[in-house]
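Architecture and fold: a report
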Amino acid sequence: RQVVAIDLDRRNIEFAAKKAGRRPVTFLQGNVEALAGPDSPRMLSPASLGDSRGFQVILSSNVFEHLVDVGAALDGVEQNLTPGGDFLLAVPPIIGPDSLRANEAIRYHRTNLETAEWNRRLQARFSEIRCFLHQPPESSAPDFGSPVPSTLKAKDFRFIEAAAEEYYRQPSLTAIFACTTAR
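Computed from a predicted model, the values in this text were never measured in an experiment.

What counts, and where the lines are drawn
- Residues numbered from 1 in each chain as written.
- Predicted model: local features only at pLDDT ≥ 70, side-chain atom pairs only at ≥ 80, totals over all residues.
- Heavy atoms only, no water.
- 1 Å grid on protein atoms, 1.4 Å probe; cavity = no way out; pocket = protein on both sides within 12 Å on 5 of 7 lines; lining within 4 Å.
- Points joined across faces, edges and corners; volume = space filled by probe spheres on them.
- Helix = DSSP H or I, 4+ residues; strand = E, 2+ residues; numbered from the N terminus.
- Nonpolar A, V, L, I, M, F, W, Y, C, P; charged D, E, K, R; others polar.
- Phe/Tyr/Trp six-rings, centres within 6.5 Å; stacked < 30°, edge-to-face > 60°.
- Buried < 20%, exposed > 50% of the residue type's maximum accessible area, 1.4 Å probe, protein only.

With that settled, consider the layout of surface pockets. For the largest pocket, the calculated volume is near 1,300 Å³. Taken together, 42 residues line the largest pocket, and the ones lying closest to its centre are Val4, Ala5, Ile6, Val32 and Leu59. Mapped onto the lining of the largest pocket, the elements with two or more residues apiece are β1 (3-7), α1 (10-20), β3 (55-61), α2 (70-80) and β4 (81-91). Element by element, the count of residues in the lining of the largest pocket is highest for β3, at 7 residues. Here the lining of the largest pocket is built from residues that sort into 22 nonpolar, 13 polar and 7 charged.

Next up on the list: the packing of aromatic side chains. Scanning the entire structure with this criterion turns up 4 aromatic pairs. Where Phe87 meets Phe126, the ring centres are 5.9 Å apart and the plane angle is 25°; that geometry is what we call stacked. In this pair, Phe87 sits in strand β4 while Phe126 sits in the loop between α4 (115-123) and β5 (128-135), placing the two residues 39 residues apart along the sequence. Of the two residues examined, Phe87 and Phe126, each falls in the buried class.

Let us now look at unusual backbone geometry. You will see that Asn62, though not glycine, has its phi angle at about 55°, which is positive. For Asn62, the position within the fold is in the loop between β3 and α2.

What follows is the structure in structure tokens.
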């Protein structure tokens, strides 16, 4: 088993490689919108990394909202997953005009879809979709605008499986979709 990390920006790769330390991770510079089809870069294919079967898991955390061509990126995910493989997608929880405007104001966000639209697009491609609410600890909410480092740990957050409609009823820091391909 191996872990492969892809980013378009060389500086992000350098930062991640420093954070990874001695962990066995292969870092590649590439565009996730160009992973599918016969013209996809050979350096990004599982076969070029020593695995002709594809990847068992593909994780994308807060990347797809930065893409212009989400369809091409999803094509690449599908093409590179093994049968029965899992794709975990985390995107901003856009649930109406206010959260849409807030995300449109972020100049790097190019694809701002409501959670219902993400769910619809994923349902068209994957055999199973599970949705998770990402909630802060009940005792304290993170202050993303504070310059002071947070004392919250990953284990402090809650991930609650819920129907896709729950994104519209309960607050969620991130909309998380766990998708499985057909076997």
